[in-house]
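Structural overview
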Amino acid sequence: MNTIQLQCFIAVAEHLNFSRASEDLKMTQPAVSHQIRSLEDELEVKLFNRTSKSVALTQEGILFLADAQLILKTALSAKERLGRHEHFVSFEIGCHNQAELNLLPPILRQLSEDFPLMRPSIHLVPFPSLFGQVENKQIHAAFGTKEDQKNTALCFRELCSASIACICSPSHPLAQYKTLTTQQLSGSIIACSPRQISDSIFRLQNMLLVNLSPAQRYFTESLESALTIVKAQLGYTLYPDIVPARDPDLCYIPVTDMPRLPFGVYYRYNDTHPILKRFLTLCRQSDFAADSLIRQERRSS
C-alpha cells in the first residue's frame, strides 16, 4: 500500500467518477484504474462497484475510506515535518456530529497556547467505528455518551449527566413547555440512523417510533439532517442536551421521565500522549451541563 494508491482511492471515492478523479490527480484514467485494482488486490476486497454508468463504494470501501484518509494524512504530515525539520505534535480527536464539533474551539484555543507545536486533526466518524479507532490508537480522544463497552482498554471520563431534550423549532406546539414527559410528546418525530447515534439514544427514539403511524416518522442519516428537518417545522427529535453544542435557532426542552445519559470523553487507559492529559483537564473544566445554564439564568434574574 502506498500514497499514490491511497490518493487515487480517496479521489475516486469523493467524486465517484474515474474521469474527474484522474483530472484532479493529473493522471490518466487507466493509471488511476490500475492503482485502484492493485490496492484491491493487496487488500483482497472490492472497494468499488463499477458499471458503464456509475461508480459506488462497496461496504468494504466505505469502511476503508476513513482509514485511508488517516493513513494518507499521517504519511504526508510526516514527510512535510521531516522535510522542514520541525517537531509538530499531532493530536487526533473524534466526533460524531457538528454538535460535538461545537464543543472544541475554546478547548483547542487553550491547547494551542499550551502546546504551540500541536497540530490538531478532527475526525467525524460513525458510532460503530469511532471507539475502535480510539482502541487502535488512530484517535487519541473521542466525545460520546457512555455505552456498554466490552473492551477494557478504553476509559470513559464523564463530563456531565445530560438530560434527553425534545428539540423543536420555536413555532412547534411543544416549544411552549419548559419541561415535558413522554406522554406529552406529540406530532412527528425525526429519528437518526443508528450508525450516527449511540445505541442508548436510538433506543429512546425507537421507543416513541413504534407507537406512531408511518406518516409521523422521519428517518435521517445524521443529526445535522435531523436538525435541518426540525428547523423546517416538520417535527421534533430527541438528543442529549449538551449546552455548548446547542443550535441557537432551536428549543431544547428536557423530557423529565427519560433517563439522563453520561456524556464524556473516551481514551485509552495507557495512552501517554503529551497533550491528552491537558485535553482531559480542559474538558473537565468546561461546563457542559444544562443545569449550569439554568443556575446562571436564575442568578441573573
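Let us look at the structure shown here. (Residues numbered from 1 in each chain as written. Predicted model: local features only at pLDDT ≥ 70, side-chain atom pairs only at ≥ 80, totals over all residues. Heavy atoms only, no water.)

On to the nonpolar core, then. By size, the foremost hydrophobic cluster in this structure holds 61 residues, and its most contacted members are L111, F143, C166, L185, Y236, L238 and F279. In this structure, C166 is in contact with L174, L180, L185, Y236, T237, L238, C251, Y252, I253 and V255, ignoring residues within four places of it in sequence. In terms of nonpolar packing, the next biggest core, distinct from the first, is built from 19 residues, A21, V32, I36 and V55 among them. (Core = buried A, V, L, I, M, F, W, Y, C linked by side-chain atoms within 4.5 Å. Buried < 20%, exposed > 50% of the residue type's maximum accessible area, 1.4 Å probe, protein only. Contact = heavy atoms within 4.5 Å.)

So, about the sheet that holds strand 12 (residues 261-268). Taken in spatial order, the 5 strands make up an open sheet running 4-3-5-12-6, and their pairing is mixed. Here the strands that pair on one side only, and so sit at the sheet edges, are strand 4 (118-124) and strand 6 (154-162). Pairwise comparison of adjacent strand axes, ignoring direction, gives a mean angle of 20° for this sheet. Relative to strand 4, strand 3 (residues 89-95) runs parallel, the two being bridged by 7 bridges. When the bridges of strand 4 are listed, S90 appears paired with R119. Strand contacts of helix 6 (residues 104-114): strand 3, strand 4 and strand 5 (141-145), with the helix running at about 160° to strand 4, the strand carrying the most contacts. (Pairing = 2+ DSSP bridges. Helix = DSSP H or I, 4+ residues; strand = E, 2+ residues; numbered from the N terminus. Axes fitted to C-alpha atoms, helices over the stretch in contact; angles between N-to-C directions.)

Before going further, it helps to spend a moment on the sheet that holds strand 10 (residues 237-240). Judged by pairing direction, the sheet is antiparallel, and its 3 strands sit side by side in the order 10-7-11 without closing on themselves. Single-partner strands in this sheet number two, and they are strand 10 and strand 11 (251-254). Neighbour-to-neighbour, the strand axes of this sheet turn through a mean angle of 40°, independent of strand direction. Across 4 bridges, strand 7 (residues 164-168) lies against strand 10 in antiparallel orientation. Considered in strand 10, the bridge of C166 is made with L238. In this fold helix 8 (residues 199-209) packs onto strand 7 and strand 10, with an angle of close to 155° to the strand it touches most, strand 10.

Turning our attention to the pairing of strand 7. Along any regular strand the residues' side chains alternate between the sheet's two faces. Of all 5 residues in strand 7, 5 are buried; the element is thus mostly enclosed. Two elements, strand 7 and strand 11, share 4 bridges in a ladder whose sense is antiparallel. Within the sheet, the bridge partner assigned to C168 lies in strand 11 and is C251.

Looking now at the state of the cysteines. Taken as a whole and judged by the stated rule, the model has 0 disulfides. Here C95 stays free of any disulfide, with the sulfur of C283 as its closest cysteine sulfur at 9.7 Å. Summary of cysteine pairing: C251 is not part of a disulfide, and the nearest cysteine sulfur, belonging to C168, is at 5.0 Å. (Disulfide = S-S within 2.5 Å.)

Time to look at the packing of aromatic side chains. Counted under the stated rule, the structure contains 7 aromatic pairs. Where F9 meets F64, the ring centres are 5.2 Å apart and the plane angle is 50°; that geometry is what we call tilted. Of this pair, F9 sits in helix 1 (residues 3-15) while F64 sits in helix 4 (residues 59-84), and the two are 55 residues apart along the sequence. Assessed through its relative accessible area of 11%, F64 is described here as buried. Measuring from ring centre to ring centre gives 4.9 Å for F156 and Y266, while their planes differ by 55°; the resulting arrangement is tilted. Placement of F156 in strand 6 and of Y266 in strand 12 is noted, with a sequence separation of 110 residues between them. Given a relative accessible area of 2%, Y266 falls into the buried group. An aromatic cluster of at least three residues, connected via ring pairs, comprises F9, F18, F48 and F64. (Phe/Tyr/Trp six-rings, centres within 6.5 Å; stacked < 30°, edge-to-face > 60°.)

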